[in-house]
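Architecture at a glance
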Amino acid sequence: MELLILNGIVNGLIVGGVYALVGVSLSLLYGVLRVVNFAHGEFVIAGSFFAYVLFSSLGIAPLLALPLAAIVFFAAGWGLYYVLIPRLSRSDDPELMSFLMFYGVSISAAAVMLLVFEADSHSVDFTFTPISVAVGPIYVSTARLVALAIAVAISLGLAAFLFLTLPGKALRAAIMNPEAIQILGVDIVRLSAFAFALAAALAGVTGVLVSLVFPAFNAFSGAEYTIIAFIVVVLGGLGNPIGALFAGVIFGLAEQLATVFLPQSLAQIVGFAILVATIFLRPSGLFGTSARK
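All values reported here derive from a predicted model rather than from experimental measurement. (Residues numbered from 1 in each chain as written. Predicted model: local features only at pLDDT ≥ 70, side-chain atom pairs only at ≥ 80, totals over all residues. Heavy atoms only, no water.)

This brings us to the overall build of the chain. When helices and strands are tallied, the chain shows twelve helices and two strands. Going residue by residue from the N terminus, the α and β elements of the chain occur as α-α-α-α-β-β-α-α-α-α-α-α-α-α. Relative to a compact globule of 293 residues, whose C-alpha radius of gyration would be 19 Å, the chain shows 19 Å and is just as compact. Projecting the C-alpha coordinates of the chain onto the three principal axes gives extents of approximately 60 × 45 × 35 Å. Residues classed as buried in the chain amount to 48% of the 293 residues present. For the chain, the share of sequence-separated contacts (at least 6 apart) that also reach a separation of at least 24 residues comes to 77%. For the chain, the computed accessible surface area is about 13900 Å², with 71% contributed by carbon and sulfur atoms. One way to put it: in the chain the 10 positive side-chain charges average out to a point 15 Å from where the 12 negative ones average out. (Helix = DSSP H or I, 4+ residues; strand = E, 2+ residues; numbered from the N terminus. Rg over C-alpha atoms; globule rule 2.2 N^0.38 Å. Buried < 20%, exposed > 50% of the residue type's maximum accessible area, 1.4 Å probe, protein only. Contact = heavy atoms within 4.5 Å. Areas by Shrake-Rupley, 256 points an atom, 1.4 Å probe, with all protein chains shown as cover. Lys, Arg positive; Asp, Glu negative; His and termini not counted. Charge placed at Lys NZ, Arg CZ, Asp CG, Glu CD.)

This model, assessed by the stated rule, comprises 18 aromatic pairs. Seen in terms of ring centroids, Y81 and Y82 are 5.1 Å apart; in terms of plane orientation they differ by 90°. Their pairing is edge-to-face. Among the residues examined, Y81 registers a relative accessible area of 6% and is labelled buried. Consider the rings of F161 and F194, whose centres lie 6.0 Å apart with planes at 45°: the pair is tilted. One end of the pair, F161, is in helix α5 (residues 142-164); the other, F194, is in helix α8 (residues 188-213), with 33 residues separating them in the sequence. Pairwise contacts between aromatic rings join F74, W78, Y81, Y82, F102, F161, F194 and F196 into one cluster. (Phe/Tyr/Trp six-rings, centres within 6.5 Å; stacked < 30°, edge-to-face > 60°.)

Quick look at helix α2 (residues 40-58) now. The end-to-end C-alpha distance of α2, which contains 19 residues, comes to 27 Å, matching closely the 27 Å that a straight helix rising 1.5 Å per residue would cover. Every buried residue of α2 is listed here: H40, G41, E42, F43, V44, I45, G47, S48, F49, F50, A51 and L54. As for α2, its buried residues are in contact with α1 (2-33), α3 (62-88), α4 (94-117), α8 and α9 (222-236). Looking one or two places after α2, you find G59, whose phi comes out positive at around 75°. (Expected span 1.5 Å × (residues − 1).)

Next up on the list: the packing of α1 against helix α10 (residues 241-261). It is at 6 Å that the axes of α1 and α10 come closest, and there the two elements cross at 145°. Like other packed secondary-structure pairs, α1 and α10 cross with a definite hand, here right-handed. Within the contact of α1 with α10, the residues separate by chemical class into 18 nonpolar, nine polar and one charged. (Axes fitted to C-alpha atoms, helices over the stretch in contact; angles between N-to-C directions. Left-handed = near helix turned anticlockwise from the far one by under 90°. Nonpolar A, V, L, I, M, F, W, Y, C, P; charged D, E, K, R; others polar.)

This part covers the environment of V105. When you line up the elements, V105 lands in helix α4. In the structure, V105 is positioned 24 residues away from T129 in sequence and 39 Å away in space, judged by C-alpha atoms. Residues within four places of V105 in sequence aside, it is in contact with A39 and L84.

Next up on the list: the side chain of S192. Looking at where S192 falls in the secondary structure, it is placed in helix α8. Given the relative accessible area of 7%, S192 is considered buried.

The next thing to look at is α3. At Y81, α3 shows its maximal bend, which comes to roughly 35°. All buried positions along α3 are accounted for by P62, A65, L66, A69, F73, G77, Y81, L84, I85 and L88. Where the residues of α3 are buried, they touch α1, α2, α4, α5 and α8. (Bend = angle between axes of the 7 residues up to and from the residue.)

On strand β2 (residues 138-141), burial follows the alternation: I138 and V140 on one face are buried, whereas Y139 and S141 on the facing-out side are not. Alignment of strand β1 (residues 132-135) against β2, held across four bridges, turns out to be antiparallel. Each bridged residue has a counterpart across the sheet, and for A134 the counterpart in β2 is Y139. The hairpin turn running from β1 into β2, its antiparallel successor, is two residues long, and G136 in that turn takes a positive phi close to 65°. (Pairing = 2+ DSSP bridges.)

What follows deals with the confidence of the model for the chain. In the predicted model, the chain carries a mean pLDDT of 87, and 98% of its residues have values of at least 70. No element of the chain has a lower mean pLDDT than helix α11 (residues 264-267), which averages 72, and none a higher one than α2, which averages 94. (pLDDT = per-residue confidence, 0-100.)

Let us look at a nonpolar patch on the surface. A contiguous nonpolar surface patch, about 560 Å² in accessible area, is contributed by I227, F261, L262, L266, I269 and F272. Of note, F272 is situated in helix α12 (residues 270-281). (Patch = residues over 30% accessible without salt bridge, like charges linked within 9 Å, V, L, I, M, F, W, Y side chains within 5 Å. Salt bridge = Lys/Arg side-chain N within 4 Å of Asp/Glu carboxyl O.)

As structure tokens, this is what we get:
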């Protein structure tokens, strides 16, 4: 039993690192733009297919695909912002309309991936040497440990960006009070476009890590990661990117440890139980404060 618990903790940290990045990009997007991106999971899976195409067609390893994914998805997110978001600002209820619009984007993106890659599951057959590494008495896939290290590095880099750089501080200010920073002369449209592009880049990079951590993915996997993202965002606090980082790890640990103590069918509902409990007991999230109006 001790080995099973240790294995659950190690895998929970690895999966939680990926979940943290899934949630933090959605939290950043909602915090700055108040946009409910229901297509977020499709962005993540698009990153996984990006890594798959680069490796299977061009022989580019997933580690080299990470910076490429960041650049490509950042550029795509920047363009997508100007195509979609300005229309939302002219609606009576931008948050509700964003939910409906991105739900349509989700369906469209899944349909395109289904058309291109069909319904079969795909995987990136890339292996590290050695294949596994001993962590105490258990062995863990090297690919998973590399993914964890990258997730930690990205999380630390994002935290440093948000707290130590001027654009990062502007993003945090936009989350807290977008009206005030406009008075100070900040171009909120350009800042919002940057936030959308950054969230898209994080989603694309996370998708590459998903291809390393999980055995397979397909065109319909996006919905699962969208649900995970919403659970992490609610748990960490709406619009709180740093809270989402911690919440992702907590959720990953809870999910993996649940498989040790509960039957597989019951373990799958742990995430939803955490979501419901958080909404009832602490609506602002574990690391959040009262939502601004």
